[in-house]
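If you want the building blocks of each chain, they are given just below.
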Amino acid sequence: MTPQLRALSVHLFTATGAVFAMLAMLAAAEEKWSLMFLWLVVAFAVDGVDGPLARRYHVKRFAAEFDGVLLDLIIDYLTYVFIPAFALFQSGLMDGWTGWAAIIVITFASALYFADTRMKTKDNSFSGFPGCWNMLVLVIFALEPNFWVSLSLVTALAVAMFLPLKFVHPVRTERWRPVTLPMALAWTFFAGWAAWVDFHPDSWAHWGLVITSVYLLFVGIAQQLVPQRDAQRTS
């Protein structure tokens, strides 16, 4: 296989995320929430793999006619933002005005964030909450907290999108990656498990989701609070 064909294959692989997004949306339209999240978990897995493949096969050099970053952002907005926001509203977990407030805040703030050229930090982390609403909404479906708790979480994370807070990329952020990457893989496993058992309240997957979600949410901020040893030596 030529380098050009390998690079093009990575773009084609990334584009499958749009297909999984459509399958998730069709399931959401029929209120088949477990099936919807299973498709979103598949799309999440594709998103985690395509980046390393793109760098390995040098897509910017051998398949430059397609913008992989733009393709990824389009699919991410569907799978990370639009479909989860729809599910949160349509499911009734946030009813009345709180549901309207949530979907307006999520979609509006995320559109601005995805277009922000400052969203990446020097160590390939994210500056501000990176709009991973699929992860939050899945946890809300699993735990079914009071809608005031859900509204508080949505509001806090929407504000955090535009604050100088660091959120790690599980694959690209090198610092603590030996822990962060397994945590992200574990989150994907627990998410799929929770959806597979239709969010059964006694499932151990819920505990796994809580633990891995808390870690992934706060590990970047912890890195900001704990300076690297190299930085300490040079200061």
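Below, the structure is looked at part by part. (Residues numbered from 1 in each chain as written. Predicted model: local features only at pLDDT ≥ 70, side-chain atom pairs only at ≥ 80, totals over all residues. Heavy atoms only, no water.)

## Thoughts on unusual backbone geometry
In step 1: Its identity is not glycine, yet Glu 31 carries a phi of approximately 60 degrees, on the positive side.
In step 2: Even without being a glycine, Asn 124 presents a positive backbone phi close to 70 degrees.
In step 3: Summarising the element assignment, Asn 124 is placed in the loop between helix H5 (97-114) and strand E1 (126-127). (Helix = DSSP H or I, 4+ residues; strand = E, 2+ residues; numbered from the N terminus.)

## Observations concerning empty space enclosed by the protein
In step 1: Here the structure, examined in full by the defined rule, presents two cavities of 30 Å³ or more.
In step 2: Its boundaries defined by the atoms lining it, the largest cavity holds a volume of some 50 Å³.
In step 3: Forming the walls of the largest cavity are Thr 14, Gly 17, Ala 43, Val 46, Asp 47, Asp 50, Asp 72, Ile 75, Asp 76 and Thr 79.
In step 4: Those elements that place two or more of their residues in the lining of the largest cavity are helix H1 (3-29), helix H2 (33-56) and helix H4 (68-90).
In step 5: Residue classes in the lining of the largest cavity are distributed as three nonpolar, three polar and four charged.
In step 6: Size it by volume and the second largest cavity reaches roughly 30 Å³.
In step 7: The wall of the second largest cavity is formed by Phe 37, Leu 40, Val 41, Phe 44, Asn 134, Leu 138 and Trp 187.
In step 8: Considering each element in turn, the lining of the second largest cavity owes the most residues, four residues, to H2. (1 Å grid on protein atoms, 1.4 Å probe; cavity = no way out; pocket = protein on both sides within 12 Å on 5 of 7 lines; lining within 4 Å. Points joined across faces, edges and corners; volume = space filled by probe spheres on them. Nonpolar A, V, L, I, M, F, W, Y, C, P; charged D, E, K, R; others polar.)

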